[in-house]
Each structure stands twice: as C-alpha cells, then as structure tokens.
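Each chain, letter by letter, is given below.
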Amino acid sequence: MLNALVADFRIIFDRDPAARNWLEVLFCYPGLQALFLHRFAHWLFLLGLPVIPRLISHIARFLTGIEIHPGAQIGHGVFIDHGMGVVIGETAIVGDYALIYQGVTLGGTGKESGKRHPTLGENVVVGAGAKVLGNIHIGNNVRIGAGSVVLRDVPSDCTVVGIPGRIIYRSGVRVNPLEHGSLPDSEAEVIRALVDRIDFLEQKFEELQNKQQSQQPVAIPVGATIGVDDCDLKYFCRINDKKIQEFLDGAGI
Ligand SMILES: CC(C)(COP(=O)(O)OP(=O)(O)OC[C@H]1O[C@@H](n2cnc3c(N)ncnc32)[C@H](O)[C@@H]1OP(=O)(O)O)[C@@H](O)C(=O)NCCC(=O)NCCS
Ligand SMILES: CC(=O)OC[C@H](N)C(=O)O
C-alpha cells in the first residue's frame with residue numbers, strides 16, 4: 001500500500017504542469033487524498049469488514065468530491081486531477097499510471113450485475129467528463145476524449161472521442177470516425193432524382209407547347225398520306241384535328 005501511495009504522489013509532478021512543490025501536492029490535490037483514503041478502505045474491504053469501508057469512502061467523497069467504491073481496484077501511480085465529480089464503481093479496475101480528470105464516471109450501464117464496471121489497462125487517460133460504462137475493457141495507452149461516452153471495448157494504443165465513443169487514432173494513425181451528419185440519405189436522393197425528372201419533363205413540355213403555338217395550322221385532308229415519323233406532326237394533329245387523330249390512332253401511330 002505504501003508503494004502505491006508513493007507512486008501516486010510522485011506521478012503528480014510528471015503529469016501536472018501546475019504542481020510546484022510537495023507541500024502543495026500533499027495538501028491541495030483531492031485526487032491524492034481520495035486515493036489515500038481509498039487504499040485504506042479497500043484494504044478493510046478485502047478483510048471483509050462491513051460498513052466501515054463504505055463509511056471511509058463516503059467521508060472521502062465529502063472531503064474531495066471523488067467517490068470510489070471500496071471494492072474498486074486501483075493500480076499504482078494513478079492520478080485523479082481536480083477530481084470533483086469522479087465516480088468509480090465497485091467492480092472497476094484501473095491499471096497503473098492512469099490519468100483521470102474531473103467528472104469522469106467509471107460506471108455500470110444499469111443493465112448488468114456482477115462485474116459491471118470497466119477495466120482500464122495501464123497508462124490510460126480519461127478526459128474530463130468522460131463516461132466509461134459497462135463491463136468493458138480499455139486497453140493500455142488508450143486516451144479517452146473529454147466528454148466521451150465509451151460503451152465498447154477499446155484496443156490498446158487508441159484514442160477515442162465522441163458519443164458513443166469512436167476510435168480516431170489507432171497506434172498513432174488517424175482513423176476517420178463515421179460522420180453521422182454526412183451519411184448518404186437514399187430516400188432524399190430518390191426524391192431529388194424524381195424532382196429533377198419532373199423539371200426536365202416540364203421543360204420539354206413547355207418547349208413543345210411553344211413550338212406548337214408558333215406553327216401555322218395546316219389543313220390535312222382525311223385519308224391523306226402523311227409522314228408519320230414526325231412526332232411533332234402527330235402532336236400537332238392531336239390538338240388540331242380530331243379526325244386526323246382518329247386516322248393516326250387507327251393506323252397505330
Ligand atoms: C481526445 C484527446 C486526447 C485527443 O487529443 P489529440 O490526439 O491531440 O487529438 P487532436 O487534437 O488531433 O484531435 C483529433 C480530432 O478529434 C477531435 N477531438 C479531440 N478531442 C475531442 C473530444 N474530446 N470530443 C470530440 N472530438 C474531439 C478534434 O476536433 C479533431 O477532429 P478533426 O480532426 O475532425 O478536426 C484530447 O482532445 C482530449 O480530449 N484530452 C482530454 C484532456 C482533458 O480532459 N483535459 C481536462 C483538463 S482539466
Ligand atoms: C484545468 C486543467 O487543464 O488541468 C490540467 C492540468 N492540471 C493543468 O494544469 O494543465
């Protein structure tokens with residue numbers, strides 16, 4: 001336990017540019033104080049002592065704003081920076097040298113029992129306000145973005161951001177997350193195509209109407225032989241001479 005506490009104390013100087021001297025770190029870092037009380041509570045918890053470990057956890061929460069269930073397993077050299085609003089559940093496991101910012105929840109989904117909280121590998125960073133929920137496994141050297149909600153396992157050496165958390169870096173290589181806002185909308189595309197088609201047909205119809213209006217009516221006697229390939233003529237006839245239309249229809253034109 002002493003080794004773990006020394007590691008918790010030392011790591012603050014590496015992880016926090018704001019840490020200036022040991023007095024400051026000892027008295028002004030609620031994360032360190034919460035871990036000190038948690039390690040004692042956890043020891044009593046493992047001994048099977050009832051109530052007292054929870055009471056210590058509760059006092060620690062009151063003093064630091066950090067709630068760690070006495071059953072949670074916390075590795076060496078863990079740093080909870082600022083701390084306020086951090087909640088770590090009973091079956092959570094936090095690997096060595098994790099860096100956890102304020103507002104982080106290592107919680108359950110509310111749907112599981114037994115092992116229901118996450119397991120964090122070594123050297124994991126959990127950004128401010130992030131929620132890591134369920135019995136999921138977060139690999140070593142994973143960085144979880146501030147405000148993310150992580151609900152699935154994350155392999156080692158990844159960076160995860162967003163709600164739900166998506167991997168944006170894997171071993172230092174950028175992975176494009178799914179852009180929900182830019183997903184193709186197939187229904188809208190079909191409607192757009194139909195509207196374009198209607199526009200096209202309306203335009204053609206207008207052209208034909210204009211053409212027809214500019215043409216002089218031609219008197220074609222019933223029974224006359226006419227060029228039937230000309231669609232415009234057929235259209236003209238349909239409008240201007242019912243009998244010619246009947247003739248054309250009769251001829252199957
Ligand atoms: C997740 C994090 C570690 C990524 O850092 P990084 O590797 O330097 O990543 P980048 O800054 O190159 O960002 C990569 C992309 O992720 C986005 N991104 C970064 N952090 C994000 C977050 N928390 N939520 C959503 N998107 C985020 C960036 O906008 C960028 O997107 P783009 O490429 O489309 O513009 C960092 O942004 C973070 O959130 N750290 C937590 C720090 C913290 O909690 N500090 C509190 C101190 S009190
Ligand atoms: C508020 C904040 O960014 O905290 C992170 C770290 N303690 C620092 O001072 O950089």
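- Looking at an unreviewed UniProt entry, one finds the protein named Serine acetyltransferase and attributed to Floridaenema evergladense BLCC-F167.
- Quoted straight from UniProt, the Catalytic activity (unreviewed entry) entry for the protein says "L-serine + acetyl-CoA = O-acetyl-L-serine + CoA".

### Focus: the site of ligand 2
- All residues adjacent to ligand 2 are D16, P17, A18, D81, H82 and Y101.
- With respect to ligand 2, the side chain of D16 contributes an N or O atom lying 2.8 Å from a nitrogen atom.
- H82 places a polar side-chain atom, nitrogen or oxygen, 2.7 Å from an oxygen atom of ligand 2.
- If ligand 2 stood free it would expose 290 Å²; the protein chains cover 51% of that surface.

### Quick word on the site of ligand 1
- Around ligand 1, the surrounding shell holds 13 residues, and the nearest of these are A128, R143, A146, Y169 and R174.
- For ligand 1, an oxygen atom lies 2.6 Å from a polar atom in the backbone of A128.
- Here A146 contributes a backbone N or O atom positioned 2.8 Å from a nitrogen atom of ligand 1.
- Its free accessible area being 910 Å², ligand 1 has 50% of it covered by the protein chains.
- For the shell around ligand 1, the elements supplying multiple residues, two or more each, are β14 (158-161) and β15 (166-170).
- Among the residues forming the shell around ligand 1, the class breakdown is six nonpolar, five polar and two charged.

### Remarks on the packing of aromatic side chains
- This structure, assessed with the given rule, holds three aromatic pairs.
- Here F40 and W43 contribute two aromatic rings whose centre-to-centre distance is 6.2 Å and whose plane-to-plane angle is 25°, an arrangement assigned as stacked. Of the two residues, F40 and W43 both sit in helix α3 (residues 30-47), three residues apart, roughly one turn of that helix.
- Judged by its relative accessible area of 36%, F40 falls in the partly exposed class.

### Remarks on a negative patch on the surface
- Taken together, D196, D199, E202 and E206 make up a surface patch of like negative charges.
- Within the secondary structure, E202 sits in helix α5 (residues 186-214).

### Points about α3
- In this model, α3 (18 residues) spans 26 Å end to end at C-alpha, consistent with the 26 Å of a helix rising 1.5 Å per residue.
- Of the positions making up α3, those classed as buried are G31, L32, A34, L35, H38, R39, A41, H42 and L44.
- Buried-residue contacts for α3 involve α1 (2-15), α2 (22-28), α4 (52-64), β1 (67-68), β2 (73-74) and β3 (79-80).
- Positioned one or two residues after α3, G48 has a phi angle of 90°, which is positive.

What counts as what
Residues numbered from 1 in each chain as written. Chains lettered and ligands numbered in written order. Predicted model: local features only at pLDDT ≥ 70, side-chain atom pairs only at ≥ 80, totals over all residues. Heavy atoms only, no water. UniProt positions renumbered as here; feature names shortened; annotations may be inferred. Near = heavy atom within 4 Å. Polar contact = N/O pair within 3.5 Å; in protein donor to acceptor, adjacent residues only side chain to side chain. Areas by Shrake-Rupley, 256 points an atom, 1.4 Å probe, with all protein chains shown as cover. Helix = DSSP H or I, 4+ residues; strand = E, 2+ residues; numbered from the N terminus. Nonpolar A, V, L, I, M, F, W, Y, C, P; charged D, E, K, R; others polar. Phe/Tyr/Trp six-rings, centres within 6.5 Å; stacked < 30°, edge-to-face > 60°. Buried < 20%, exposed > 50% of the residue type's maximum accessible area, 1.4 Å probe, protein only. Patch = residues over 30% accessible without salt bridge, like charges linked within 9 Å, V, L, I, M, F, W, Y side chains within 5 Å. Salt bridge = Lys/Arg side-chain N within 4 Å of Asp/Glu carboxyl O. Lys, Arg positive; Asp, Glu negative; His and termini not counted. Charge placed at Lys NZ, Arg CZ, Asp CG, Glu CD. Expected span 1.5 Å × (residues − 1). Contact = heavy atoms within 4.5 Å.

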